[in-house]
Amino acid sequence: MKENKMKKCNIQIFSQAEDLRLYVIEHSLQIETLTSEAIGSLLGVDYKASKSFGFGSSSLSFNQKIQIIQDIKGLDSDMAKKLTCLMNVGNKFAHIQEVDSFDKLFEIAKNGNWIKKILETYSLEEKKDDDEKYQFLFFKLADEIANMLYELQVQEGLTKSVLKAEKDFQKSHLEAYRKVIAKTEGGKELNDEILDETMKKIPHLKIHRKK
């Protein structure tokens, strides 16, 4: 019988840094960029050129971007907590000099136990030392969030493609219908009557009749 071996995970997909602080910060920056890309896709804007989501001094914070994603897509509470957890880890490593290990993070941060609990929801393929263990768990957290943000963009792209296809079909169908009706006896009058009924249903739109 062949031994069932679990595929080893490459935790350096987002960062090649050996220094733990840099490793964490680079992951946080990667996820923030993906969050901006996802918002840009959802809103139909180029996030790099946007004052709110781009690189300018007036751009929104990571936390504000997370809240926008939640408002637009209604993320489940579990994923919202994971996003908040990653943001908190990144902030602590970036702004508190004493936090140079996960043990220090858990000890110093007011929500250290909560962060630890979130990270420990992920599994390990093999036994590791504490810091290596939590670095691996942090990577799995970032990886899951990245996949979620990629999926958001893919689903949004598919939705827009379907809506465009439906709109194109309806427009072509209507034009073909009008041409066929126009060829019949009394077709012009019938088309005018249909247009009148349509205008009654959408009075806020200005529709010009073709003469």
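No experiment lies behind these values; they were computed from the predicted model shown.

A separate point is the overall build of the protein chain. Each helix and strand counted, the protein chain has 7 helices and 0 strands in total. The order of α-helices and β-strands along the protein chain, N terminus first, is α-α-α-α-α-α-α. For the protein chain, the proportion of its 211 residues judged to be buried stands at 32%. Here the analysis covers contacts within the protein chain between residues at least 6 apart in sequence; of these, 56% occur between residues at least 24 apart. In the structure as shown, the protein chain presents an accessible area of about 14600 Å², 52% of it carried by carbon and sulfur atoms.

Across its 19 residues, helix 3 (residues 77-95) extends 27 Å between first and last C-alpha, which sits within 8% of the 27 Å expected from 1.5 Å per residue. For helix 3, the full list of buried residues reads Met 79, Ala 80, Lys 82, Leu 83, Cys 85, Leu 86, Met 87, Asn 88, Val 89, Gly 90, Lys 92 and Phe 93.

Moving on, we get to the confidence of the model for the protein chain. Of the residues in the protein chain, 65% reach a pLDDT of 70 or more, and the chain-wide mean stands at 76. Contacts from residues 1-9, a stretch scored under 50 in pLDDT, to residues over four places away or in other chains number 4 contacts.

It is the contact of helix 2 (residues 62-73) with helix 3, at a shortest axis distance of 11 Å, that shows an interaxial angle of 170 degrees. The orientation of helix 2 with respect to helix 3, classified from their angle, is roughly antiparallel. Packed against helix 2, whose contacting residues are Phe 62, Asn 63, Ile 66 and Gln 70, the element helix 3 presents Ala 80, Leu 83, Leu 86 and Met 87 at the interface.

Cut-off values and rules
Residues numbered from 1 in each chain as written. Predicted model: local features only at pLDDT ≥ 70, side-chain atom pairs only at ≥ 80, totals over all residues. Heavy atoms only, no water. Helix = DSSP H or I, 4+ residues; strand = E, 2+ residues; numbered from the N terminus. Buried < 20%, exposed > 50% of the residue type's maximum accessible area, 1.4 Å probe, protein only. Contact = heavy atoms within 4.5 Å. Areas by Shrake-Rupley, 256 points an atom, 1.4 Å probe, with all protein chains shown as cover. Expected span 1.5 Å × (residues − 1). pLDDT = per-residue confidence, 0-100. Axes fitted to C-alpha atoms, helices over the stretch in contact; angles between N-to-C directions. Parallel < 35°, antiparallel > 145°, perpendicular 65-115°, else oblique.

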